[in-house]
Amino acid sequence: MAHIIVVGNEKGGAGKSTVSMHVATALARMGHRVSALDLDLRQRSMGRYVENRRDFMAKSRLELLGPACHDLPQIDADTLDPGENIYDHRLSVAVAELEAESDFILIDCPGSHTRLSQVAHSLADTLITPLNDSFVDFDLLARINADGEKILGPSVYSEMVWKSRQLRAQAGLQPIDWIVMRNRVGTQRMVNKEKMERALRLLSERIGFRIAPGFSERVVFRELFPRGLTLLDLKDIGVKQLNISNVAARQELRDMMKTLNLPGVTADI
């Protein structure tokens, strides 16, 4: 049975699609069969990423390992049972079709609350939530006092994850391994950065998630997207000498993959 990884956060701009593409590509390069679903049916950042990759490979005549991105199947509404949601059915059919041919199914969720995203979270074996190093983004997880030192209570996204956990428990499934990933972190040591670190640690103990390192804020990620590339592809396309920033970013990806602790993932990248 395929292991389902959901990358979700109801706030845009946290780097979900960048994280999704790098995790999926890393798994593919390790020899795993990786399928991807992009649930942002309007913006389709993950889908566009994979399309850009296909175009680049065709033009450069290179073959690069990566995920196979699939669209949700179209469903005839007349075939649904009374009360059945068409989006629930489209997602469940897609996952069922991909399970036999995949070791991992990675689902990239939109940066907003949608029915599809809610259902996807209940399917997650591993949930990755990229989070900008900002209390504006932290507010999606929990309310905190003015000093940034005391958690006042969970917020909307954490409550949604809690409901997803309850649904899995009722179905007799394994608990979600929830990982909050500090992403787009500044390289300088600042007071806000230290406060965020303390606040996340407190919240992780309270509502139960693991904290993983993500990517620092780097220009290279904006440059990779138009060609559909990841940090792992640079040497394959002829970049012989990586600059210091690229080397550091690759190490961040290695640290990220180790922290995720995905089943059957033992090879280095």
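Presented here is a report on the structure given in the accompanying data block. Since the structure is predicted, the reported quantities are computational estimates derived from the model, not experimental observations.

## A word on the nonpolar core
Alright, step 1. Val23, Leu27, Leu224, Met257, Leu260 and Leu262 are the most contacted members of the largest nonpolar core, which totals 41 residues.
Alright, step 2. Counting residues per element, the ones that place at least two in this core are strand S1 (3–7), helix H1 (16–29), strand S2 (34–38), helix H2 (45–60), strand S4 (104–108), strand S8 (177–183), helix H8 (220–224) and helix H9 (244–260).
Alright, step 3. Broken down by element, this core gets its largest block of residues, seven residues, from H1.
Alright, step 4. Discounting residues that sit within four places of it in the chain, Leu27 has contacts with Ile5, His32, Val34, Phe104, Met257, Leu262 and Val265.
Alright, step 5. Among the nonpolar cores identified, the runner-up in size contains 36 residues, and Leu72, Leu91, Ala199 and Leu200 belong to it.

## Here's the deal with the pairing of S8
Alright, step 1. Extensive coverage of S8 is indicated by the burial of six of its seven residues.
Alright, step 2. Here seven bridges tie strand S5 (residues 126–132) to S8, and the two strands are oriented parallel to one another. Looking at the pairing, Leu131 lines up with Arg182 of S8.

## Here we look at the environment of Arg53
Alright, step 1. If you trace the backbone, Arg53 turns up in helix H2.
Alright, step 2. Of the residues examined, Arg53 reaches a relative accessible area of 3% and is grouped as buried.
Alright, step 3. Those residues in contact with Arg53 that lie beyond four places of it in its chain are Met21, Thr25, Leu64, Leu65, Gly66, Arg227, Gly228, Leu229, Thr230 and Asp233.
Alright, step 4. Polar contacts involving the side chain of Arg53 include one to the main-chain carbonyl oxygen of Gly228, which spans 2.9 Å.

## What to know about the environment of Gly66
Alright, step 1. As for its position among the elements, Gly66 is in the loop between H2 and strand S3 (68–70).
Alright, step 2. Separated by 100 residues in the primary sequence, Gly66 and Gln166 place their C-alpha atoms 33 Å from one another.
Alright, step 3. Once residues lying within four places of it in the same chain are set aside, the contact partners of Gly66 are Thr25, Ala28 and Arg53.

## Details of the packing of H1 against H9
Alright, step 1. Two elements in contact, H1 and H9, have axes whose closest approach is 11 Å; the angle formed by their N-to-C orientations is 80°. The orientation of H1 relative to H9 falls into the category roughly perpendicular. Counted together, Val19, His22, Val23, Ala26 and Leu27 of H1 and Leu253, Met256, Met257 and Leu260 of H9 form the full contact between these two elements.
Alright, step 2. Grouping the amino acids of the contact of H1 with H9 by side-chain chemistry returns eight nonpolar, one polar and no charged.

## Digging into the sheet that holds S1
Alright, step 1. With parallel pairing, the seven strands of this open sheet are ordered in space as S3-S2-S4-S1-S5-S8-S9. In this open sheet, the two strands that pair with only one neighbour each are S3 and strand S9 (210–213). For this sheet the average axis-to-axis angle between neighbouring strands, irrespective of direction, equals 25°.
Alright, step 2. Packing of helix H6 (residues 156–170) onto the sheet brings it into contact with S5 and S8, and relative to S8 it is tilted by some 155°.

## Regarding the environment of Ala24
Alright, step 1. Following the sequence through the fold, Ala24 ends up in helix H1.
Alright, step 2. Along the chain, Ala24 and Leu242 lie 218 residues apart, while their C-alpha atoms are 22 Å from each other.
Alright, step 3. Not counting chain neighbours up to four residues away, the residues in contact with Ala24 comprise Val34, Pro67 and Leu106.

## Here's the deal with the pairing of S2
Alright, step 1. Among the five residues in S2, five count as buried, and that is most of the element.
Alright, step 2. Alternating residues of S2 divide into Val34, Ala36 and Asp38 and Ser35 and Leu37, and every residue in both groups is buried.
Alright, step 3. For S2 and S4, the ladder comprises five bridges, and the chain directions are parallel. Residue pairing for S4: Val34 is matched across the bridge by Phe104.
Alright, step 4. Alignment of S2 against S3, held across three bridges, turns out to be parallel. By the bridge assignment, Ala36 is partnered in S3 with Cys69.
Alright, step 5. You can see the chain leave S2, run along H2 and come back into S3, and the turn it takes is right-handed.

Definitions and limits used
Residues numbered from 1 in each chain as written. Predicted model: local features only at pLDDT ≥ 70, side-chain atom pairs only at ≥ 80, totals over all residues. Heavy atoms only, no water. Core = buried A, V, L, I, M, F, W, Y, C linked by side-chain atoms within 4.5 Å. Buried < 20%, exposed > 50% of the residue type's maximum accessible area, 1.4 Å probe, protein only. Helix = DSSP H or I, 4+ residues; strand = E, 2+ residues; numbered from the N terminus. Contact = heavy atoms within 4.5 Å. Pairing = 2+ DSSP bridges. Polar contact = N/O pair within 3.5 Å; in protein donor to acceptor, adjacent residues only side chain to side chain. Axes fitted to C-alpha atoms, helices over the stretch in contact; angles between N-to-C directions. Parallel < 35°, antiparallel > 145°, perpendicular 65-115°, else oblique. Nonpolar A, V, L, I, M, F, W, Y, C, P; charged D, E, K, R; others polar. Right-handed = clockwise from strand over helix to strand, strands pointing away.

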